[in-house]
Amino acid sequence: MRILLTGSSGQVGGALRPLLKEGGMVIAPSRSAFDLSKPETLAEALDRFKPDLIINPAAYTAVDRAEDERELALLVNAKAPAAIAEWSARHRVPLIHFSTDYVFDGSGDRPWREASPTGPLSVYGASKLAGDLAIQAADGPHLIARTSWVYSAGGASFLRTIVRLAGERKELRIVADQTGAPTTANTIADAVSRIVLSNASDLSALFARHGGVVNLACAGETSWHGFATAIVGGLKSRGVRLAVETVTPIATADFPTKARRPGNSRLDLSQLRERFGLTLPIWQDALSTELDSLVTRQGEQAVPAMRA
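Residues numbered from 1 in each chain as written. Predicted model: local features only at pLDDT ≥ 70, side-chain atom pairs only at ≥ 80, totals over all residues. Heavy atoms only, no water.

Draft legend 1. Quick look at the overall build of the protein chain. Counting secondary structure elements, the protein chain contains 11 helices and 12 strands. Taken over the C-alpha trace, the protein chain has a radius of gyration of 19 Å; the compact-globule value for 308 residues is 19 Å, and the two agree within 12%. With the principal axes as the frame, the protein chain shows a C-alpha extent of 55 × 40 × 40 Å. When burial is assessed residue by residue, the protein chain has 54% of its 308 residues classed as buried. Relative to all contacts within the protein chain whose residues are 6 or more apart in sequence, the contacts with residues 24 or more apart total 79%. For the protein chain, the accessible area works out to roughly 13500 Å², and carbon and sulfur atoms hold 48% of it. For the protein chain, the distance from the average site of its 34 positive side-chain charges to the average site of its 32 negative ones is 3 Å. (Helix = DSSP H or I, 4+ residues; strand = E, 2+ residues; numbered from the N terminus. Rg over C-alpha atoms; globule rule 2.2 N^0.38 Å. Buried < 20%, exposed > 50% of the residue type's maximum accessible area, 1.4 Å probe, protein only. Contact = heavy atoms within 4.5 Å. Areas by Shrake-Rupley, 256 points an atom, 1.4 Å probe, with all protein chains shown as cover. Lys, Arg positive; Asp, Glu negative; His and termini not counted. Charge placed at Lys NZ, Arg CZ, Asp CG, Glu CD.)

Draft legend 2. Seen up close, the packing of aromatic side chains. Counted according to the given criterion, the structure contains nine aromatic pairs. Ring centres of Trp 224 and Phe 227 lie 6.3 Å apart, and the angle between their planes is 35°; on these two criteria the pair is classed as tilted. Remark: Phe 227 and Trp 224 occur in helix H8 (residues 224-237); sequence separation between them is three residues, near one turn of the helix. Phe 227 carries the same exposure label as Trp 224, and that label is buried. When the ring of Phe 227 is compared with that of Trp 283, the centres are 6.1 Å apart and the planes differ by 85°; the resulting orientation is edge-to-face. Placement of Phe 227 in helix H8 and of Trp 283 in helix H10 (residues 283-297) is noted, with a sequence separation of 56 residues between them. When sorted by exposure, Phe 227 lands in the same class as Trp 283, which is buried. Through a chain of ring-to-ring contacts, three or more aromatic side chains come together here, namely Trp 149, Tyr 151, Phe 158, Trp 224, Phe 227 and Trp 283. It is Arg 48 that lies over the ring of Phe 49; its NZ or CZ is 5.8 Å from the centre. (Phe/Tyr/Trp six-rings, centres within 6.5 Å; stacked < 30°, edge-to-face > 60°. Lys NZ or Arg CZ within 6 Å of the ring centre and 35° of its normal.)

Draft legend 3. Region of interest: the sheet that holds strand S1 (residues 2-5). The sheet built from six strands is open, its strands ordered S2-S1-S3-S4-S5-S10 with parallel pairing. In the strand order of this sheet, the two ends are held by strand S2 (25-27) and strand S10 (213-215), each with one partner. Adjacent strand axes in the sheet meet at a mean angle of 20°, parallel and antiparallel pairs treated alike. (Pairing = 2+ DSSP bridges. Axes fitted to C-alpha atoms, helices over the stretch in contact; angles between N-to-C directions.)

Draft legend 4. A look at the packing of helix H3 (residues 70-91) against helix H4 (residues 123-138). Following both chains from N to C, one finds H3 and H4 inclined at 15°, their axes separated by 8 Å at the closest point. In terms of orientation, H3 and H4 fall into the roughly parallel class. Between H3 and H4 the crossing geometry is right-handed. On H4, the residues touching Arg 70, Ala 73, Leu 74, Asn 77, Ala 78, Pro 81, Ala 82, Ala 85, Glu 86 and Ala 89 of H3 are Val 123, Tyr 124, Ser 127, Lys 128, Ala 130, Gly 131, Ala 134, Ile 135 and Ala 138. (Parallel < 35°, antiparallel > 145°, perpendicular 65-115°, else oblique. Left-handed = near helix turned anticlockwise from the far one by under 90°.)

Draft legend 5. The nonpolar core, seen in detail. Among the nonpolar cores identified, the biggest contains 30 residues, and Leu 4, Phe 34, Leu 36, Leu 42, Ile 54 and Ile 84 are the most heavily contacted of them. Here this core gets seven residues from one element, more than from any other, and that element is H3. Among the nonpolar cores identified, the runner-up in size contains 29 residues, and Leu 5, Leu 16, Val 26 and Leu 203 belong to it. (Core = buried A, V, L, I, M, F, W, Y, C linked by side-chain atoms within 4.5 Å.)

Draft legend 6. Main features of the environment of Thr 161. Position of Thr 161 relative to the elements: it lies in helix H5 (residues 158-168). Placed 67 residues apart in sequence, Thr 161 and Ala 228 show a C-alpha to C-alpha distance of 9.7 Å.

Draft legend 7. Highlighting helix H1 (residues 11-20). Those residues of H1 lying buried are Val 12, Gly 13, Ala 15, Leu 16 and Leu 20. The buried residues of H1 occupy one face: seen down the axis, they fall within an arc of 165°. Here the buried face of H1 lies against S1, S2, strand S3 (53-56), strand S4 (95-100), strand S6 (150-151) and helix H6 (185-198). (Arc of directions from axis to C-beta.)

Draft legend 8. How the structure looks around the packing of H1 against H6. At a closest axis distance of 8 Å, the pairing of H1 and H6 adopts a crossing angle of 40°. Relative to H6, the element H1 lies oblique. As H1 packs across H6, the resulting crossing turns out to be right-handed. Contacts between H1 and H6 involve Gln 11, Val 12, Ala 15, Leu 16, Leu 19 and Leu 20 from the first element and Ala 185, Asn 186, Ile 188, Ala 189, Asp 190, Val 192, Ser 193, Val 196 and Leu 197 from the second.

Draft legend 9. How the structure looks around the side chain of His 97. Following the sequence through the fold, His 97 ends up in strand S4. The exposure class assigned to His 97 is buried, which follows from its relative accessible area of 1%. In this structure, His 97 is in contact with Asn 56, Pro 81, Lys 128, Asp 132, Ile 135, Leu 143, Ile 144 and Ala 145, ignoring residues within four places of it in sequence.

In structure tokens form, the structure reads like this:
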């Protein structure tokens, strides 16, 4: 099987690439060879690559900057997936695409189901929703995996930001009234690779049978404040020297951002269990694994606070 993987230098794409090799040849084009900001070039590129499966974790993810770069966000997150999905539908090639909790308005306190009404609060969320809708409209074999609060030990993420700030400041002030499930890129990659490798001969039928959308996140829930507190505690328990003494909870209103964030990012994972047979780790366990990786594999180079 020829698997086209976009965004292989990103968090999810980078985690997926080694796992997918068991399923066949992984084609991981550079950004210049498969430029999502130029949707009109993608069909020709796909003709050249001739994939049997397309996996698209690449996206425009600068949530606040998207408020000023609406057209670019729409090109990458909506028009490019539309072009990929149209090619996929013409050639009956399965497509796995990644979406986000930001397609919801964040109201209430119940976990969002796959069929819950959408209502994005930001340009980023609207652009991702437009991509979802375009993929569904193309009516090809597809699976849209909605994730939340994605992070990893490598690359830019909330985890790395907290590691840096905890080594520099005595107090961290972190939003406590937004709730979701921090989810590692490795958790997402493991789940997707298991779906692909277990059903490689009939992915199109699998996706059609299960509705084309699934929520994919770690189990459990917390706030950004709870997440930051767990990161700091986990680092200290691993012997990392930190400057931080207090992690103070604050309200969203006390930390204004250009883009509005959902207050409720909980995702219902029942369909992931029932339809795909997957139970993902609770977020605390996934974080523990990621912190072990951060501290033991990369050491002082990855954890500046260790040099404090």
